[in-house]
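Residue-level listing of the chains:
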Amino acid sequence: MSRSVSLTLPPWLAHTLRAQRGPVPWNAVVRGALSAGPLLLVAVLIGRTSLGVVAAIAAMLAGINDRPGSRRASVKRLGVPALAGAGGLLVGTYAGDHVGAVVLTVVLTLVGLVAGSVSAVGPVASGAGTQMLVASAIGAGMPLPESGWQRALAFLVGAGWLIALRLVLPTPGALAGDFRFDGERQAVAAVYDAVADLLDAAGADDAMARRAALTAALDHAQDALAGPRLRRYASSSAERRLHAQYAAALPLAEAATALAWAGEAVAGRASEGPRRLAAAVRDNTHTGPLPAPTRSAPALRALDDALLHAAEAFDRAKGTDLHTRRRTARSLLRTVFGAGGREYGLRVALCFGASVAVAQALHHSRWSGQHEHWYWLPATAVFLVKPDLGPLVSRVLCRAAGTVLGALVFAGFAVVLPRPEGLIALVAVSGALIPVATRHFAAQTAVVTVLVLALVMVGGEPQASASRILETLLACAIVLIVGHLPMPGQRGGGVRARLAAASSAAQAYLVHVLREADGRVMSSVSPSGKTGVSPGSKAAGVSPGSKAAGVSPGTLDGVSPRTKTGVSPRTNTGASPRTNTGASPRTKTGANISSDAGAPTHSDARAVRWTLRREAYRTLAEARTVISLAAAELPALARHSEGADEIVAVLERLVDTTTACAVDLDDSGRLTPRHTERLAELLDELAGHRERVGLRLPELPLAM
């Protein structure tokens, strides 16, 4: 009798072997081929080869950050790191030229502390920190005849060239409407497709995975539309139309989430409307007739109303609000100097400073021959020590394997290729491969190794494959040692910071929805004008006069609960009152319930609710990503984040339940016992997880 044995890989090894999948980004491949290679060719032809090497390195680093998305968002994603890289190049160049080895090590260690702390803010800040450190190492460890400002200018030219290609070149096959907005159009269409997928998965086991995919699609579309602009608002009709189409997807996403939370399958025709809307966005056409779902449940009625609203929004093509909560300078500083930023900064500073010291010691001892460059070891350490690039052991293994492979491949090409034209062609081919190689860190490392070795050989450095392999292994050892050293404070600061942000966002969202329930019951009046609920009574399990999470029941983000609205905007009759026709809802007596000019409308409260919901789901997705990376570390590091995934799962269910509550509130004006009981259960479960794991998170309000 044979017994089958299933082999389960440890998380750190499984992550090392995992690669991203997807179609080949041919537009990015074309940009990569036209970036570093042509820049180097022009520099060689005009006799400024060293500046061409710097510009090509900048284009390569920008190509690593060149991800799918809108053109406007790419300006920030590529431009901010380029500016930081130019600053790092200036610091490294002037420090390397004017101070000794010890002072230079201290200066670059401080640069590492700043860059690491700033990297905790987000992906763009992390890219800026990476380029700042790599460029400072190049400035100090790659002697060139040009001055610091000339090198910085060449760096900006190289990155700016790729940004110009990103803005000017049309996407292959993008023929619908203005090609400048093809990234935004694809992102918004993906949101409607994700809504349809979630509706199809309602009542199935993969419903929560589809909801997570919807969150990712909304995040991507929001980022694509919220890129930097010269004017405050969208200036073209095409852009305003896309903004309106994105905003129209939010109530659809809310209704679909509520249906998935209910756990009951819906008819197939429910997803046909969102799919037709996705096709209309993608092809830049009108929606045509949309099939209406049945209106047998509050979430289905909300879905029907949202489809009607979307059809009207597509025709009007007016919209500017992306329901994004802008981060203030105080919140950014709190992130930089918080537990996550401090831990990140200290670890990056120690790794970068130690690698700079070792690299200089080896350079002055001439252990690798007559090479003048010592930038490789600290630059390698930068890519290894960045937690957002993957678990530590995975990065080390991939970097070592990729460097060995890339160095061996380049050694073979260096023997047969003519110089410099053959090496320039190799740079162009490597630049084209970077967008594909970014799917796996080892593949990306191999391609970048070939590209950089070809660049520096064109610049006059002799073949250095063997020494680069040894320096990479040294960098791996340094990062592994420093990565496991004890640090001041509690470990897992990045995970804890993300959990705290997600809990705070969930709190704000839940408080707002509970206040909506409180305000609607307190403001409902009988036809004679008397209140239907006494001030001391409880509505849906929430005390009208109570304070939630220590916040007074006044305003939240500038929106107060309504106090003179007459009745809730929906009834239980199944009829869908039109809220977007410009007419004010009326009570049974015919009195205008919005007569108070100072009271915010129902649409204002819903807009705030959608903003809070987007923030809650976004922070939860960010926390989930950080936790998954931390869990794939070696056991010595992974144990510091144990239990965090359970807390995020509870918070996700809490936010889903809050969304279902909001949909029911829009329909009937009050919460059902099922909603309040579920909220109480989740809050109790969350409190238990906090006590067991020992995390200090903001207290959420009790719903019962």
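Thresholds applied
- Residues numbered from 1 in each chain as written.
- Predicted model: local features only at pLDDT ≥ 70, side-chain atom pairs only at ≥ 80, totals over all residues.
- Heavy atoms only, no water.
- Helix = DSSP H or I, 4+ residues; strand = E, 2+ residues; numbered from the N terminus.
- Buried < 20%, exposed > 50% of the residue type's maximum accessible area, 1.4 Å probe, protein only.
- Contact = heavy atoms within 4.5 Å.
- Areas by Shrake-Rupley, 256 points an atom, 1.4 Å probe, with all protein chains shown as cover.
- Salt bridge = Lys/Arg side-chain N within 4 Å of Asp/Glu carboxyl O.
- Core = buried A, V, L, I, M, F, W, Y, C linked by side-chain atoms within 4.5 Å.
- Expected span 1.5 Å × (residues − 1).
- Axes fitted to C-alpha atoms, helices over the stretch in contact; angles between N-to-C directions.
- Parallel < 35°, antiparallel > 145°, perpendicular 65-115°, else oblique.
- Nonpolar A, V, L, I, M, F, W, Y, C, P; charged D, E, K, R; others polar.
- pLDDT = per-residue confidence, 0-100.

Trainee: When you look at the overall build of the protein in this model, what are you seeing that I'm missing?
Mentor: When its secondary structure is counted, the protein shows 25 helices and 0 strands. The burial tally for the protein puts 53% of its 704 residues in the buried class. Sequence separation of at least 24 residues holds for 80% of the intrachain contacts in the protein that already meet a minimum separation of 6. For the protein, the accessible area works out to roughly 30,400 Å², and carbon and sulfur atoms hold 61% of it.

Trainee: Would you mind showing me how to read the pattern of salt bridges here?
Mentor: Should the charged atoms of two oppositely charged side chains come close, the side chains can pair. Tallied over the entire structure, the rule returns 21 salt bridges. Its salt-bridge partner being D66, residue R166 comes within 3.5 Å of it at the nearest N-O pair. With R166 in helix α8 (residues 148-168) and D66 in the loop between α4 (49-64) and α5 (71-98), the pair connects residues that are 100 residues apart, well separated along the chain. A single burial state applies to R166 and to D66, both of which are buried. A salt bridge links D197 to R275; its shortest N-O distance comes to 2.8 Å. Of the two residues, D197 is situated in helix α9 (residues 182-201) and R275 in helix α12 (residues 272-283); the sequence distance between them amounts to 78 residues. Overall, D197 belongs to the partly exposed group, its relative accessible area being 25%.

Trainee: I'm lost on the nonpolar core in this one. Help?
Mentor: Note that soluble globular proteins tend to have their nonpolar side chains buried in a common cluster. Within the largest apolar cluster, 87 residues are counted, with the highest numbers of intra-cluster contacts made by I57, M60, L61, F155, F410 and L455. At 13 residues, helix α19 (residues 441-458) tops the list of elements feeding residues into this core. Ranked by size, the runner-up nonpolar core spans 48 residues in total, among them L214, A249, A256 and A270.

Trainee: How do you make sense of helix α18 (residues 421-437) when you look at a structure like this?
Mentor: One turn of an α-helix holds 3.6 residues; hence residues three or four places apart share an orientation. Between its first and last C-alpha atoms α18 spans 24 Å; for 17 residues at 1.5 Å apiece the expected length is 24 Å, and the two agree. Among the 17 residues of α18, 12 are classified as buried, and the element is accordingly described as predominantly covered. Packed against the buried residues of α18 are α2 (26-33), α3 (36-45), α4, α17 (392-416) and α19.

Trainee: Just checking my understanding: could you explain the side chain of D219 for this structure?
Mentor: With respect to the helices and strands, D219 occurs in helix α10 (residues 207-225). Setting aside anything within four residues of it in sequence, one finds D219 in contact with R614, R618 and A621.

Trainee: I keep staring at the environment of G69 and nothing clicks. Help me out?
Mentor: Of note, G69 is situated in the loop between α4 and α5. What makes G69 buried here is its relative accessible area of 14%. C-alpha of G69 to C-alpha of R185: the two residues are 116 residues apart in sequence and 9.6 Å apart in space. Discounting chain neighbours no more than four positions away, the residues touching G69 are R166, G183 and H220.

Trainee: Hey, could you run me through the packing of α17 against helix α20 (residues 465-483) in this one?
Mentor: Two elements in contact, α17 and α20, have axes separated by 9 Å at closest approach and are oriented at 175°. Judged on the interaxial angle alone, α20 and α17 are roughly antiparallel. Across the interface between the two elements, L392, V396, R399, A400, T403, V404, A407, F410 and A411 of α17 pack against S465, R468, I469, T472, L473, C476, V479, L480 and G483 of α20. Considering only residue class, the contact of α17 with α20 consists of 12 nonpolar, 4 polar and 2 charged.

Trainee: Teacher, can you tell me more about unusual backbone geometry here?
Mentor: When glycine is set aside, most residues are seen to have a negative phi, and most peptide bonds are trans. For the bond running from R419 to P420, omega is 0°, close enough to zero to count as cis. Tracing the sequence through the fold places P420 in the loop between α17 and α18. In the Ramachandran plot, N284 falls in the positive-phi region, its phi being about 60° despite a non-glycine side chain.

Trainee: I keep staring at the confidence of the model for the protein and nothing clicks. Help me out?
Mentor: Atomic detail in the predicted coordinates should be set aside for any region of low pLDDT. With 79% of its residues at a pLDDT of at least 70, the protein reaches an overall mean of 79. Confidence drops under a pLDDT of 50 for residues 521-600, and excluding neighbours within four residues, the segment shows 115 contacts in the predicted structure.

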